[in-house]
Every structure is written in structure tokens, then in C-alpha cells.
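Single-letter residue listing:
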Amino acid sequence: MSEDNEDFLDEELLDSNSIENIDIDEENKGLYEHLNLTVDNGQEPLRIDKFLLIHRQNSSRNKISQTCRAGNVVVNGNPVKQNYRVKPGDQISVLLTRPPRENIIIPQDIPINIVYEDDDLVVVDKEPGMVVHPGFGNWDGTLVNALAFHFEKNGEKSDLDRVGLVHRIDKDTSGLLVIAKNEYALSFLAKQFFNRTTKRLYWAFVWGNPQEDEGTIKGHIGRHPKNRMQMSVYEDGSHGKHAVTHYKVLERFRYMTWVECKLETGRTHQIRAHFKHIGHTLFNDERYEGHTPLRGVNLPKYKQFIKNVFEILPRHALHAHTLGFIHPTTKKELYFESPMPKDMVDAVKKWRNYLEN
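Here the structure is a predicted model, which is why all the values come from computation and not from measurement.

What counts, and at which threshold
Residues numbered from 1 in each chain as written. Predicted model: local features only at pLDDT ≥ 70, side-chain atom pairs only at ≥ 80, totals over all residues. Heavy atoms only, no water. Helix = DSSP H or I, 4+ residues; strand = E, 2+ residues; numbered from the N terminus. Buried < 20%, exposed > 50% of the residue type's maximum accessible area, 1.4 Å probe, protein only. Areas by Shrake-Rupley, 256 points an atom, 1.4 Å probe, with all protein chains shown as cover. Salt bridge = Lys/Arg side-chain N within 4 Å of Asp/Glu carboxyl O. Pairing = 2+ DSSP bridges. Axes fitted to C-alpha atoms, helices over the stretch in contact; angles between N-to-C directions. Contact = heavy atoms within 4.5 Å. Phe/Tyr/Trp six-rings, centres within 6.5 Å; stacked < 30°, edge-to-face > 60°. Core = buried A, V, L, I, M, F, W, Y, C linked by side-chain atoms within 4.5 Å.

Visitor: I'd like to hear about the overall build of the protein, residue by residue, with values.
Guide: Within the protein one finds 8 helices and 18 strands. Taking all 357 residues of the protein together, 50% fall into the buried category. With the model as given, the accessible surface of the protein reaches about 17,300 Å², and the carbon-plus-sulfur share is 47%.

Structure, rendered in C-alpha cells:
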């Protein structure tokens, strides 16, 4: 089960409204498959409710239990209870009474910044706060909804649910994305991302003052054992997947540092998890406890200053700055740079002014 996307987008696994209307006696009648996965060979025996909770974060244990009791969690063709222990090779399906909503892309007239487009692909400079793909809790207002409208307006047909997204970034991460318009372009671009031949650099603000001007962070990344909304670093390789992040300091602000990051791998929340692991959590990254003053002096004026900067930059400070790849048709290299967004620019100005005074 792959979790290699930068922005791990879970399918909608369970829906309490659907569960209430399920007739248990009519087992699996008129149901639609919302999830199908095969358990990894190295998986240890684990209750299926815990297994699904770990691998699909946008659900609750109560909803999973209800769905199991309704007979709509099926393993190897047979309904199972929530205490069933998964085994390597198990084929798991989750069935609900309606078609998956994530397969329905509704075109919406939402402004997006398209920096390049041709018959094969489109490159977008995404604003912070925009979800990339419809999913649990965000069925519209996403980049994909905006692209569907853009293609429809131009008389183009592009099945964005089947082709399209080559990679993703988090909702609050700004910067460059490439979207394929056809299956050939998707396959060609996806291979470059898989082989790490693309040219991508990220800008991030991190708490504290890293000792070295350049460095490398290594450590497997996997789901946090207790907080399933976070990823954790396992240096001993006992869990997760191999991950390497290279960084270079661009500017120091005494209690915060602007760094440039190059990913050797592309794990979920890689930059966010790696920098938290070395004690330099991303600035204002609420999910990773970076939304309170982690460095600095214990003075009211400083605390007020940080609060003011948080208001200027109300998200984790991460920006996909560059994107370079080989075009699927022309075979020529395309390279793009996205300038630092206004909220990060304003935060830098605020820090510089603070240090000068």
C-alpha cells in the first residue's frame, strides 16, 4: 500500500449517514466498493479496526466498528467483525450504499494561477489554503474542481479522476504542481517523479537556528503510533519507509531560519516530520506543534511579536519553489520557479525589522 504522495489523500472510508441506512440482513446488496487493498507481506496480526484506522486517517474507530457490524468490511470475500486480525495477503474491501463521491468531479469557477499549459500538461502555482483533490471533508473548492472548469471552458476533455495528478502538496503548502492531460503524459511524468529526476526545491521557515549551514536528515518515515494525523521518524528503520532530506540555510533570524530543501525521497509530510525530528519544527505548523513560540526569549513583547507573525502567516511555512522535468512529447526540459508568496514575504520583513530594532 503506497503512501508516497507528499500530500497523503485518504479516500472517504466511512459515512455515518450511510451506515444508519444499511440493512444488515441484505448483506452487501446494492453496495459500492469504496476501498480495495491487499495487506503487505510484512504485516503483523492486527485487529482490522486498528488496521483501517492507521491506514485511512479520515475516519473514526466508531465508524469502522459500525461498518464491520453491518457486514460491509469484507476480507477475502467474507464479511468480518471488527476484532478480525488481518494477515499478510488479505484482500480487504469496504462497501457502502452509494457510489464513491470522490469519483465525481464538479467543475467550479475558481481562480487559479496557471503558469504553463499545452496539449499534454498544465503547471499551476497553487495558493496556500487550497486543497488539491476532492476528498473527505473537502468535496469542492479544490484545485481539481478549478481545473475541471478550466478544461471545460476551453472545450477540452480530461478525466481528472483517472489521469491528471502526478503529485500532490498539502493544503497549506503553496507552490508548483504539474497536472497531466492524458494517460501518456501521466505515465511519462510519473516515472520521473518515481525516479527522482525532477528538479524540485522547497522553501521552509523552521524554528531555531540549525548548527550547520548545510545538512542531511535521514530516517524512515511512518505513521505516528499514537497521533495518526502525524508522521514520525524511525531512525532504526523499524517502521515506515526510507527518507532523506537535504537542506541549506538561506537566512537566519536568530529564533527562526529560512531553509531550502531538496528531497531525495518523497514521503508523506517528509519535510515537516524530518525537521520536527531534529528539533526545528516548521514555523506555525499546528499539526506538528509548531504553532506556539518554540524558540526565543520569555518576554511579553516577544510573545506578542510571534503572535503578530502568526497572523501574517497563518499556516505552516512551506513553499514548493521550483519544478523541472522533461516534457513527455518534446522531450525538452521545462523549468519553473515560483516566487515566495506574500504571507511568507511579509513574515520575512517582520523578522528582519524585529532583529534590526
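Visitor: Kindly report on helix α6 (residues 270–277), identifying the contributing residues and their values.
Guide: Summarising burial for α6: 6 of the 8 residues are buried, a large majority. Just past α6, the residue glycine 279 takes up positive phi, approximately 85°.

Visitor: Give a description of the pattern of salt bridges that names residues and reports values.
Guide: A full pass over the atoms with the stated rule returns 11 salt bridges. Residue arginine 272 pairs with aspartate 285 through a salt bridge whose shortest N-O separation is 2.7 Å. Remark: aspartate 285 occurs in the loop between α6 and α7 (300–312) and arginine 272 occurs in helix α6; sequence separation between them is 13 residues. A relative accessible area of 5% places arginine 272 in the buried class. What you see here is one network of salt bridges that share partners, running through Asp170, Arg272 and Asp285.

Visitor: Describe the sheet that holds strand β16 (residues 318–320), naming the residues involved and giving the relevant values.
Guide: As summarised here, the arrangement of the 8 strands in space is β7-β8-β9-β16-β10-β15-β14-β11, forming an open sheet in which the pairing is mixed. In the strand order of this sheet, the two ends are held by β7 (113–117) and β11 (214–218), each with one partner. Strand-to-strand twist in this sheet, taken as the mean axis angle between neighbours without regard to direction, amounts to 30°. With 3 bridges joining them, strand β10 (residues 202–207) and β16 adopt antiparallel strand pairing. Counted as the bridge partner of tryptophan 203 is histidine 319 from β16. Sitting on the sheet, helix α8 (residues 342–356) touches β10, β14 (244–252), β15 (256–263) and β16, and the angle it makes with β10 is about 40°.

Visitor: Now, about the packing of aromatic side chains: what can you tell me, with residues and values included?
Guide: All chains considered together, the criterion is met by 17 aromatic pairs. Considering the side-chain rings of tyrosine 116 and phenylalanine 336, the 5.7 Å spacing of their centres and the 50° angle between planes classify their relative orientation as tilted. Taken as a pair, tyrosine 116 in strand β7 and phenylalanine 336 in strand β18 (residues 333–337) lie far apart in primary sequence, 220 residues in all. Given the relative accessible area of 26%, tyrosine 116 is considered partly exposed. Aromatic pair tryptophan 207 and phenylalanine 310: ring centres 6.4 Å apart, planes at 85°, arrangement edge-to-face. With tryptophan 207 in strand β10 and phenylalanine 310 in helix α7, this residue pair connects regions lying 103 residues apart in the sequence. Here tryptophan 207 matches phenylalanine 310 in class, with each residue buried. Chaining the aromatic ring pairs together yields one cluster made of Trp207, Phe253, Tyr255, Phe283, Tyr302, Phe305, Phe310, Trp351 and Tyr354.

Visitor: So, the environment of aspartate 120: which residues are in play, and what are the values?
Guide: Position of aspartate 120 among the secondary structure elements: in the loop between β7 and β8 (121–126). In sequence terms aspartate 120 and lysine 181 are 61 residues apart; their C-alpha atoms lie 5.1 Å from each other. Apart from the residues within four sequence positions on either side, aspartate 120 is in contact with Ile179, Ala180, Lys181, Asn182, Ala185, His327, Pro328 and Thr329.

Visitor: Please give an account of the environment of tyrosine 234 that cites residues and values.
Guide: Examined against the element boundaries, tyrosine 234 turns out to sit in strand β13 (residues 231–234). Look at tyrosine 234 and you get buried, because its relative accessible area is 14%. Expressed as a C-alpha distance, the spacing of tyrosine 234 and glycine 222, which sit 12 residues apart in the sequence, is 7.4 Å. Beyond its immediate stretch of four places on either side in the chain, tyrosine 234 contacts Gly219, His220, Gly222, Arg223, His224, Pro225 and His239.

Visitor: Can you lay out the nonpolar core for me, pointing to particular residues and giving the numbers?
Guide: One broad rule of soluble globular proteins: the nonpolar side chains tend to lie buried together. Counting 26 residues, the largest nonpolar core has Leu143, Ile179, Tyr202, Ile271 and Phe275 as the members making the most contacts within it. Going through the elements one at a time, β8, α4 (143–153), β9 (174–180), β10, β14, β15, α6 and β16 are the ones with two or more residues in this core. In terms of residues, this core owes the most to one element, α4, which gives 4 residues. Ranked by size, the runner-up nonpolar core spans 20 residues in total, among them Phe205, Met256, Ala347 and Val348.

Visitor: Before we move on, can you summarise the pairing of β8 with the specific residues and values?
Guide: Two faces, one strand: in a regular strand the side chains alternate between the faces of the sheet. With 6 of 6 residues buried, β8 is to be regarded as a mostly interior element. Here β8 shows no split at all, with Leu121, Val123 and Asp125 on one side and Val122, Val124 and Lys126 on the other all buried. Here β7 pairs with β8 via 4 bridges, running antiparallel. Across the sheet, the residue bridging to asparagine 113 is aspartate 125, located in β8. As consecutive antiparallel partners, β7 and β8 are separated by 3 residues. In terms of strand pairing, β8 meets β9 through 6 bridges, oriented antiparallel. Its bridge partner lying in β9, lysine 126 is registered against glycine 175.

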